[in-house]
Amino acid sequence: MISGSIVQHEVGGEGGIVLTAAAIAEAVGGELRGDPTISVGGVAPLDRASSRELSFLAGAKYAPAFASSKAGIVLMVPELADAPGTVGARVIVPRPHEALLSLLPRFHRPRTHVPGVHSTAFVGRGVRLGRDVSIGPYVVLGDGARLGDAVAVEAHCVIGAGVEVGESAHLYPSVTVYSGSVIGRRVIVHAGARIGSDGFGYVYRDGRHDKIPHVGRCVVEDDVEIGANTTIDRGSIDDTLIGAGTKIDNLVQVAHNVRVGRLCLIMAQVGIAGSVRLEDGCIVAGQVGISGHHTIGKGATLAAQAGVFGDIPAGETWSGYPARPHKEALRAQAALFKLPALLRRIERLLEPEGDSR
């Protein structure tokens, strides 16, 4: 037990908890080197940490920062255990990032929500609320909406008629969930996200763009996280689906009928056009654009700013514009950088004799 090394304190960490080096080493199963009584009340990077904060060293690239760090305690990999530095205590663990992840909740306890419905909230007819639901100020719950146990809906959210929200989901302020959407259990939706809006679908006839009615759903499965100001369209006649465990960053656009598999990672400013299929475990880096009706194979990675105009094979890494296998894209980029010098050489060869330029 490490309770004897945990101290309630007025400063450090959002929860006011202070841990000693001995407590941290025991909690993460690490080897302690240094003063076991040193205590910390928060977490910070090596270059900014004070003697009252915990930090970590996971790669040799950051050894110089460790050498000058003022951190009180540092989690570090075995191969760097003897790196030069003056920190008071070192905790040697194979995977410092994972160890830090297990400790963060001790220093920064999540804010708890008080169950209840705020007096300014509007609750439509036939709404069903589970136990311990928290409904914030000026929330709108449309007719027939269903919220599971321990759902938290923060201020100014709008949940459309008939929407289902699974237990322990958390909607941050100003989220809008359109009718025809289903939100799974433990889903996190950050501020300003729009879930289930109509997709961009029109038919040109008789001299105008006629809107295609969107009658499909937007289904977000369990344990998904959706970043701030991200938009996910409902399906036209099929469903838009976000698979369980997928994490989506801020400012992402997911168009109608897209189907995202399980455990995908989609970074900021990605645009995914209609009817794209992302199979399980895909990684899509920032500012990638994927044109419509293509399939990104299981476990594939798209590097930042890739422009995708075709299917991507499973397990491969593609990059560039237009996207191509990553090594091929690097060779093409390297050749492009050599082009100005090559053109100058060609120009000199083509110069007429006696030309003084």
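Residues numbered from 1 in each chain as written. Predicted model: local features only at pLDDT ≥ 70, side-chain atom pairs only at ≥ 80, totals over all residues. Heavy atoms only, no water.

(A) Seen up close, the pattern of salt bridges. Evaluated as defined, the whole model comprises 14 salt bridges. Note that Arg-259 is salt-bridged to Asp-238, the shortest N-O span being 3.7 Å. Remark: Asp-238 occurs in the loop between β26 (231-233) and β27 (240-242) and Arg-259 occurs in strand β30 (residues 259-260); sequence separation between them is 21 residues. When salt bridges with common partners are traced through the structure, they connect Glu-31, Arg-33 and Asp-82 into a single cluster. (Salt bridge = Lys/Arg side-chain N within 4 Å of Asp/Glu carboxyl O. Helix = DSSP H or I, 4+ residues; strand = E, 2+ residues; numbered from the N terminus.)

(B) View of helix α1 (residues 21-28). Three or more residues of α1 are buried, namely Ala-21, Ala-23, Ile-24, Ala-25 and Val-28. A positive phi of about 65° marks Gly-29, the residue just after α1. (Buried < 20%, exposed > 50% of the residue type's maximum accessible area, 1.4 Å probe, protein only.)

(C) Inspection of the state of the cysteines at higher detail. Inspection of every chain in the model, using the stated rule, returns 0 disulfides. For the unlinked cysteine Cys-157, the closest cysteine sulfur is that of Cys-218, found at 15 Å. In this structure Cys-264 is not part of a disulfide, and its nearest cysteine sulfur, from Cys-282, lies 4.8 Å away. (Disulfide = S-S within 2.5 Å.)

(D) Up close: the side chain of His-256. Mapped onto the elements of the fold, His-256 is located in the loop between β29 (253-254) and β30. Here His-256 falls in the buried class, since its relative accessible area comes to 15%. Discounting chain neighbours no more than four positions away, the residues touching His-256 are Gly-199, Phe-200, Gly-201, His-214, Asp-233, Arg-234, Gly-235, Ser-236, Thr-240, Gly-274 and Ser-275. (Contact = heavy atoms within 4.5 Å.)

(E) Looking closely at the confidence of the model for the protein chain. Residues at a pLDDT of 70 or more form 94% of the protein chain, whose mean pLDDT is 93. A low-confidence stretch, residues 1-14 (pLDDT under 50), is modelled with 32 contacts involving residues beyond four sequence positions or located in other chains. (pLDDT = per-residue confidence, 0-100.)

(F) Just the packing of aromatic side chains, in detail. Using the criterion set out here, one finds 2 aromatic pairs in the structure. Ring centres 5.1 Å apart and planes at 75° place the aromatic pair Phe-200 and Tyr-202 in the edge-to-face group. Accessibility expressed as a relative area gives 73% for Phe-200, which makes it exposed. Taken together, a centroid distance of 5.5 Å and an interplanar angle of 80° make the contact between Phe-309 and Tyr-321 edge-to-face. One end of the pair, Phe-309, is in the loop between β38 (307-308) and β39 (317-319); the other, Tyr-321, is in the loop between β39 and β40 (324-325), and 12 residues separate them in sequence. (Phe/Tyr/Trp six-rings, centres within 6.5 Å; stacked < 30°, edge-to-face > 60°.)

(G) Main features of the environment of Ala-285. Tracing the sequence through the fold places Ala-285 in the loop between β34 (283-284) and β35 (289-290). Among the residues examined, Ala-285 registers a relative accessible area of 18% and is labelled buried. Ignoring any residue separated from it by four or fewer positions in sequence, one finds Ala-285 in contact with Met-267, Val-270, Leu-302, Ala-303 and Ala-304.

(H) Examining the sheet that holds strand β6 (residues 73-76) more closely. On the basis of which strands lie adjacent, the open sheet formed by 4 strands has the order β3-β7-β6-β5 and mixed pairing. Edge strands, defined here as strands with exactly one partner in the open sheet, are β3 (31-34) and β5 (54-57). Averaged over all neighbouring strand pairs, the angle between strand axes comes to 25°, with direction disregarded. Of the pairings in the sheet, the one linking β5 to β6 comprises 4 bridges and is parallel in character. In the sheet register, Phe-56 faces β6, and the bridge partner there is Leu-75. Across the sheet, α1 lies against β3, β5, β6 and β7 (89-92), angled at about 5° from β7, the strand it touches most. (Pairing = 2+ DSSP bridges. Axes fitted to C-alpha atoms, helices over the stretch in contact; angles between N-to-C directions.)

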